[in-house]
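What follows is the residue order along each chain.
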Amino acid sequence: MDDIERFAQAIRVAGSEVCSAERNVAVAEAEEKKLVAQCKVQAEARGIKTNAAQERFADEDEKVFQARLTRGISKGELAAAKANLMAAEVEFKAWQSKLASERAERRVYGA
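Residues numbered from 1 in each chain as written. Predicted model: local features only at pLDDT ≥ 70, side-chain atom pairs only at ≥ 80, totals over all residues. Heavy atoms only, no water.

Asker: Would you take a moment to explain helix α3 (residues 62-109) for this structure?
Answerer: Count 3.6 residues to each turn of an α-helix, and residues three or four apart come out pointing the same way. Between its first and last C-alpha, α3 extends 70 Å over 48 residues, near the 70 Å set by a 1.5 Å rise per residue. Turning to α3, its buried residues number three or more, namely V64, A67, S74, L78, A81, A88 and W95. Contact partners of the buried residues in α3: α1 (2-45) and α2 (51-59). Of the residues that open α3, the one with a side-chain oxygen 3.0 Å from the backbone nitrogen of K63 is D61. Positioned one or two residues after α3, G110 has a phi angle of 65°, which is positive. (Helix = DSSP H or I, 4+ residues; strand = E, 2+ residues; numbered from the N terminus. Expected span 1.5 Å × (residues − 1). Buried < 20%, exposed > 50% of the residue type's maximum accessible area, 1.4 Å probe, protein only. Contact = heavy atoms within 4.5 Å. Polar contact = N/O pair within 3.5 Å; in protein donor to acceptor, adjacent residues only side chain to side chain.)

If you want it as structure tokens, here you go:
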């Protein structure tokens with residue numbers, strides 16, 4: 001029973017990491033959108049009227065650049081958390097399979 005609880009705990013921890021990473025991605029995306037919108041307002045105030053020109057103005061802003069880097073890092077952390085969750089699940093399934101094989105051997109060989 002200790003093995004089952006160990007696997008369950010590993011899956012809970014990995015699930016918590018995924019939750020935290022999802023939250024970080026959402027925050028990073030919202031921050032990026034907010035900064036782009038603020039840059040577009042600044043561009044409009046400077047007489048830049050087209051959306052493409054406003055986008056370019058935002059692209060040149062250092063804060064927007066940093067926000068995009070943060071979003072990318074957050075997405076990488078999310079991918080890593082999902083991989084950890086998948087690894088915990090695979091480890092559990094391998095353990096489950098091993099137990100099933102041992103039971104089948106006992107039936108066959110009568111041990």
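There's more to say after this.
Asker: What's the story with the packing of aromatic side chains in this structure? I'm lost.
Answerer: The description of two aromatic rings rests on the distance between their centres and on the angle between their planes. In the structure shown here, the tally under the stated rule is 3 aromatic pairs. The interplanar angle of 70° and the centroid separation of 5.7 Å between the aromatic rings of F7 and F92 together place this pair among those described as edge-to-face. With F7 in helix α1 and F92 in helix α3, the pair connects residues that are 85 residues apart, well separated along the chain. Judged by its relative accessible area of 22%, F92 falls in the partly exposed class. (Phe/Tyr/Trp six-rings, centres within 6.5 Å; stacked < 30°, edge-to-face > 60°.)

Asker: I keep staring at the packing of α1 against α2 and nothing clicks. Help me out?
Answerer: Following both chains from N to C, one finds α1 and α2 inclined at 120°, their axes separated by 8 Å at the closest point. Considering the relative orientation of α1 and α2, their crossing is right-handed. Contacts between α1 and α2 involve V36, C39, K40, Q42, A43 and E44 on the former and, on the latter, N51, Q54, E55, F57 and A58. (Axes fitted to C-alpha atoms, helices over the stretch in contact; angles between N-to-C directions. Left-handed = near helix turned anticlockwise from the far one by under 90°.)

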